[in-house]
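Topology and contacts: notes
This is what each chain is made of:
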Amino acid sequence: MRRSRIKPKSSSDRALRERAPESPYLKLYDGRVIKFPAVMGVLNVTPDSFSDGGRYLDADRAVEHALAMEAAGADLIDVGGESSRPAGASEVPVEVELARVRPVLARLSKRLGVPISIDTRRAEVARVALESGAAIINDITALEHDCEMAPLAARTKCAVVLMHMRGGLANHIEFARYRDVVREVLAYLDARARFAAGAGVVRSRIIVDPGLGFAKTAQHNLKLLAALPDLCALGYPVLVGASRKSFVARISGAGERELEFGTAAANALAVAAGASIVRVHDAGAAVAVVRMAAAMARRDRRFRHNA
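Summary of the structure given here. (Residues numbered from 1 in each chain as written. Predicted model: local features only at pLDDT ≥ 70, side-chain atom pairs only at ≥ 80, totals over all residues. Heavy atoms only, no water.)

**Focus: the packing of aromatic side chains**
Definition in use: A pair of Phe, Tyr and Trp rings is counted when the ring centres sit within 6.5 Å of each other, with Trp represented by its six-membered ring. The angle between the planes then sorts it: under 30 degrees is stacked, over 60 is edge-to-face, the rest tilted. Charges are assigned to positions over rings by a cutoff of 6 Å between ring centre and Lys NZ or Arg CZ, combined with an angular limit of 35 degrees from the ring normal.
Scanning the model with the defined rule gives 0 aromatic pairs in all. Over the face of the ring belonging to Phe195 we find Arg192, whose NZ or CZ atom lies 4.3 Å from the ring centre.

Structure representation (structure tokens):
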């Protein structure tokens, strides 16, 4: 049976395109602009993250790494104090999460030139981060975990990343069951974006993330990557986080070089398909990949061909 292209209900392809013109940038509340496609550098201030757990738990090393990612060309830095790794992640008390991120945020606010994103489910942590100069809340629960998160985002006029996930930190892989993963993820993100806008979050500062690896099998991830044009057609910037994920390792190989090349391929195809932000651990490699993919996809105005 031939499958039809995924569409939101009651929307023709033409109407969908009219609703979702490509935006070349994200304007933050402080006036700074993030030009798309952009590279988000990952700064895990945790002892147990799947890729670099413990490496940047020390505040000095974390700050050095953030500055190095900025120097390599990262457009923003995503700071997180609670692991959400695919297996074995456990919830930590809010006091622990704050103790991990607060000293790093305080130092970065004085030295970092690019915007900071706070990767958290908790409004209290997000509030501290915003007061320390962060401009984006990256919430893996799409504002569902903490009822104070949406009002906080609305009040501060910050940008938000809304990610798709099912279940909790420790058990989300048990919920990787879908009749149609693309349709269900699109419907969820569309609903959460509408909720955020209805709560007062500035619509132009809403970003959506399909949540690769979160309650998703390798096949689910591949289907979502192939359907990125449909996700982009919702009308919001799309963030893709494929970096060093287990499905990349399964396909490309788990060695350091194989992971680097597999991640680069995923990022390049994501940018070519319309993704606005790629979230990565190796900022330098990602910057080169994004620049080349954007130029080839005619998304970089410096290299667009004449009509």
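That was the structure; now back to the text.
**Notes on the pairing of strand 7 (residues 159-163)**
Stated precisely, the cut-off is as follows: The classification of residues rests on relative accessible area computed with a 1.4 Å probe and restricted to protein chains. Under 20% of the type maximum is buried, over 50% is exposed, and intermediate values are partly exposed. Per the convention used, a helix needs a DSSP run of H or I reaching at least four residues, while a strand needs a run of E reaching at least two, with both numbered from the N terminus. Two strands qualify as a pair provided DSSP detects at least 2 bridges between them. Orienting the strands away from the viewer, one traces the path from the first strand over the helix to the second; a clockwise path indicates a right-handed crossover.
Of all 5 residues in strand 7, 5 are buried; the element is thus mostly enclosed. On strand 7, burial covers both faces: Ala159, Val161 and Met163 on one face and Val160 and Leu162 on the other are all buried. Direction of pairing for strand 6 (residues 136-139) relative to strand 7: parallel, over a ladder of 4 bridges. When the bridges of strand 7 are listed, Asn138 appears paired with Val161. In this view, the connection linking strand 6 to its parallel neighbour strand 7 by way of helix 5 (residues 149-156) has right-handed handedness. Strand direction decides the pairing type here: strand 7 and strand 8 (residues 206-209), joined by 4 bridges, are parallel.

**Notes on the sheet that holds strand 9 (residues 239-240)**
Heads up, the condition is: Contacts were defined at the residue level, with two residues in contact if any of their heavy atoms lie within 4.5 Å. To obtain each axis, a line is fitted to C-alpha atoms, and for helices this fit is confined to the stretch in contact; angles are then taken between N-to-C directions over 0 to 180 degrees.
Across the sheet, 8 strands lie side by side as 8-7-6-5-4-3-10-9; this open sheet has parallel pairing. Every interior strand has two partners, whereas the edge strands, strand 8 and strand 9, have only one. On the sheet, helix 6 (residues 181-198) packs against strand 7 and strand 8 and is oriented at approximately 150 degrees with respect to strand 7.

**Observations concerning helix 7 (residues 218-226)**
The periodicity of an α-helix, 3.6 residues per turn, causes residues three or four places apart in sequence to face the same way. The condition that has to hold: For this quantity, the arc is that covered by the directions from the helix axis to the C-beta atoms.
Along helix 7, the positions that sit buried rather than exposed are Ala218, His220, Asn221, Leu224 and Leu225. The arc that holds the buried residues of helix 7, viewed along the axis, is 160 degrees, so those residues lie on one side. Residues of helix 7 that are buried make contact with helix 6, helix 8 (228-232), strand 9 and helix 9 (246-252).

**What to know about the pairing of strand 8**
Side chains of strand 8 alternate between two faces, with Ile206 and Val208 and Ile207 and Asp209 buried alike. Handedness of the crossover is the feature at issue here: the chain leaves strand 7, passes through helix 6, returns alongside strand 8, and the resulting connection is right-handed.

**A few points about the environment of Arg205**
Which entries qualify depends on this criterion: Under this definition, polar contacts are N or O atom pairs within 3.5 Å; protein pairs additionally need one hydrogen-donor-capable and one acceptor-capable atom, and for neighbouring residues in sequence, both atoms have to be side-chain atoms.
Of note, Arg205 is situated in the loop between helix 6 and strand 8. Given a relative accessible area of 14%, Arg205 falls into the buried group. Each C-alpha atom of the pair Arg205 and Ile136 lies 8.8 Å from the other, and the pair is 69 residues apart in sequence. In contact with Arg205, not counting residues within four places along its chain, are Leu26, Lys27, Leu28, Tyr29, Lys157, Cys158, Ala159 and Val160. Within the local environment of Arg205, its side chain forms a polar contact with the backbone oxygen of Lys157, the two atoms lying 2.9 Å apart.

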